[in-house]
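Here is what each chain is made of, one letter per residue.
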Amino acid sequence: MYYQSIELYEEPRQQILPKLNVPEGEPEMSSFESAFLCGVLRSVRPRKILEVGVAGGGTTAIIMQCMELLGEPYALHSVDLAERFYRDDSKASGYLAEEAKLHLPHANQKTYLGRLAIEQMEDIGGDIDVLVLDTVHCLPGEVLDFLTLLPYLRDGAVVVLHDLVNNFRSQNRKRTRYSDAATATKYLFDSVVAETKYFQEDPTAQQRGGFPNIGAFRVSQDTRENIATVVSALSHTWLMLPSEEQLRIYRAAIIKMLDEEAAWLFDSVVKMNRAILTTPMVPSKAEMGYWFLRKMVGVPAFDSRAHKDEAFIVYGAGTDGMKYMEQLLEEGVDSFQICDKGKSGQELFHRTILRPQDLACVAEKDIVIASSKYAKEIYAELSAQGVEKARLYLAY
Ligand SMILES: C[S@@+](CC[C@H](N)C(=O)[O-])C[C@H]1O[C@@H](n2cnc3c(N)ncnc32)[C@H](O)[C@@H]1O
């Protein structure tokens, strides 16, 4: 067998979460994933833990509760680039960890905000036993952080990687959204040379055939000697480009441990991705209509989450419209009607498709144009019908 299993440890999450004011979506790990992480902690019994990617701090609280139950002294260092919790900026990142400390007499945890993990390492120091990486998930993301942090990990340290398959949560095969390209931790997991990789069926994820969204690996001398395999993982296309200052900081830390060949590999993958990500995209003829409406007319993109409970119309039931509506339903947004000139009267997603002239009866509702090919024509037609511009949006 290639992979090893971790004995799950569920109690820490069960004990701490009911004591906290946890908002929906926190922590971002499922019960299985928290139990896997705590299982790693119980097996390693770490003295020093580094967590990168904190968000509200729900997982930070679970780690502290776990260490409390294990009853051994520890230090937990938690780093997040964002000073404010990215889903509610009235709260600081990691605020739940502070709440949890009120219930944990032996807590020894510190949160570091606003800078990359590598920029905090002078304070945090080396000899890390467990590293938890859970940040942006799209390349270069966690791969760059791992490369910079490797020198601070002990031989035998365990690295836990979350969101290995976040990209499979989306049906958007156009790969236009952030989560569609969430592959960074999986590339790291697959490319790293490690003594042991921990990976096992998640019985709660039957829709994915039990494929887990979390895994871990144990660092060894081989990991360091073969680090070029991880640098090579960066040659897949990146979704975002860190700032030039961040790239400089990452490079300065990484290049030190690379031999000549791996250093060349690193510089070339950065160059290649920088070139792609700084070149303006040339829109296709179909996308031009969208581009024109967005940039020249100022029609905004529709924020489906903000309008989750309001009734609105999706105009366009062609290829773009179908994909868009599938995506809405996947996000739990179900409050839309559909309009399409060529398909009026047909049934789609359990609703009857309206004719454009029917839109007069739904005068107050917002209309989301979901066809790149006919966007300009739809806009012109709706304007001619007297639909106010303020009610019009673009799907993407
Ligand atoms: C997926 S959330 C973390 C969820 C958390 N681990 C949990 O289980 O609840 C990702 C967090 O990573 C942070 N982040 C993104 N890039 C980062 C980076 N390079 N270094 C540190 N934090 C980063 C974001 O600000 C965000 O709060």
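The model shown is predicted, which means the values in this text are computed figures rather than measured ones. The residue count restarts for each chain, going from 1 along the sequence in the order it is written. Local features are withheld for residues below a pLDDT of 70 in this predicted model, meaning they are given only at 70 or higher, and side-chain atom pairs are given and counted only at 80 or more; totals for whole chains, interfaces and linings count all residues.

(A) Geometry of the nonpolar core. Residues Leu-131, Val-143, Val-159, Val-160 and Leu-188 are the most contacted members of the largest nonpolar core, which totals 84 residues. Contacts are defined on C-beta atoms placed from the backbone: any two residues whose C-beta positions lie within 7 Å are in contact. Setting aside its immediate chain neighbours within four residues, Val-159 contacts Leu-131, Leu-133, Phe-146, Ala-216, Phe-217 and Val-219. To count as a nonpolar core, a set of buried Ala, Val, Leu, Ile, Met, Phe, Trp, Tyr and Cys residues must be joined through C-beta atoms within 7 Å. Exposure in this text rests on C-beta crowding, where 20 or more other C-beta atoms within 10 Å of a residue's own make it buried, 12 or fewer make it exposed, and counts in between make it partly exposed. The C-beta atoms are placed from the backbone. Of all hydrophobic cores here, the second largest spans 30 residues; its members include Tyr-290, Leu-293, Ile-353 and Tyr-393.

(B) Structural view of unusual backbone geometry. Look at the link from Glu-26 to Pro-27: it is a cis peptide, with omega at -10 degrees. On the secondary structure map, Pro-27 appears in the loop between α1 (11-16) and α2 (31-44). Leu-139 connects to Pro-140 through a cis peptide bond whose omega is 5 degrees. Strands are runs of DSSP state E lasting at least two residues, helices are runs of H or I lasting at least four, and both sets are numbered from the N terminus onward. Tracing the sequence through the fold places Pro-140 in the loop between β4 (128-133) and α6 (141-149). In this structure, Asp-163 takes a positive phi of about 60 degrees despite not being glycine. In this fold, Asp-163 is placed in the loop between β5 (153-162) and α7 (184-191).

(C) Structural detail: the domain arrangement of the protein chain. When its domains are assigned, the protein chain resolves into domain 1 (11-277) and domain 2 (285-394). Centre-to-centre separation of domain 1 and domain 2, based on C-alpha positions: 38 Å. All domain edges in this entry derive from an automatic or database-based domain assignment.

(D) Here's a closer look at the sheet that holds strand β9 (residues 336-339). Any two strands with at least two DSSP-identified bridges between them are counted as paired. What the four strands build is an open sheet, ordered β9-β8-β12-β13; its pairing is parallel. Whereas interior strands pair on both sides, the edge strands pair on one side only; in this sheet they are β9 and β13 (392-394). This sheet shows a mean twist of 30 degrees between the axes of neighbouring strands, independent of strand direction. With four bridges connecting them, strand β8 (residues 312-315) and strand β12 (residues 366-369) associate as parallel partners. By the bridge assignment for β12, Ile-313 is matched with Ile-367. Between N-to-C directions, angles cover 0 to 180 degrees, with each direction set by a line fitted to C-alpha atoms, over the stretch in contact for helices.

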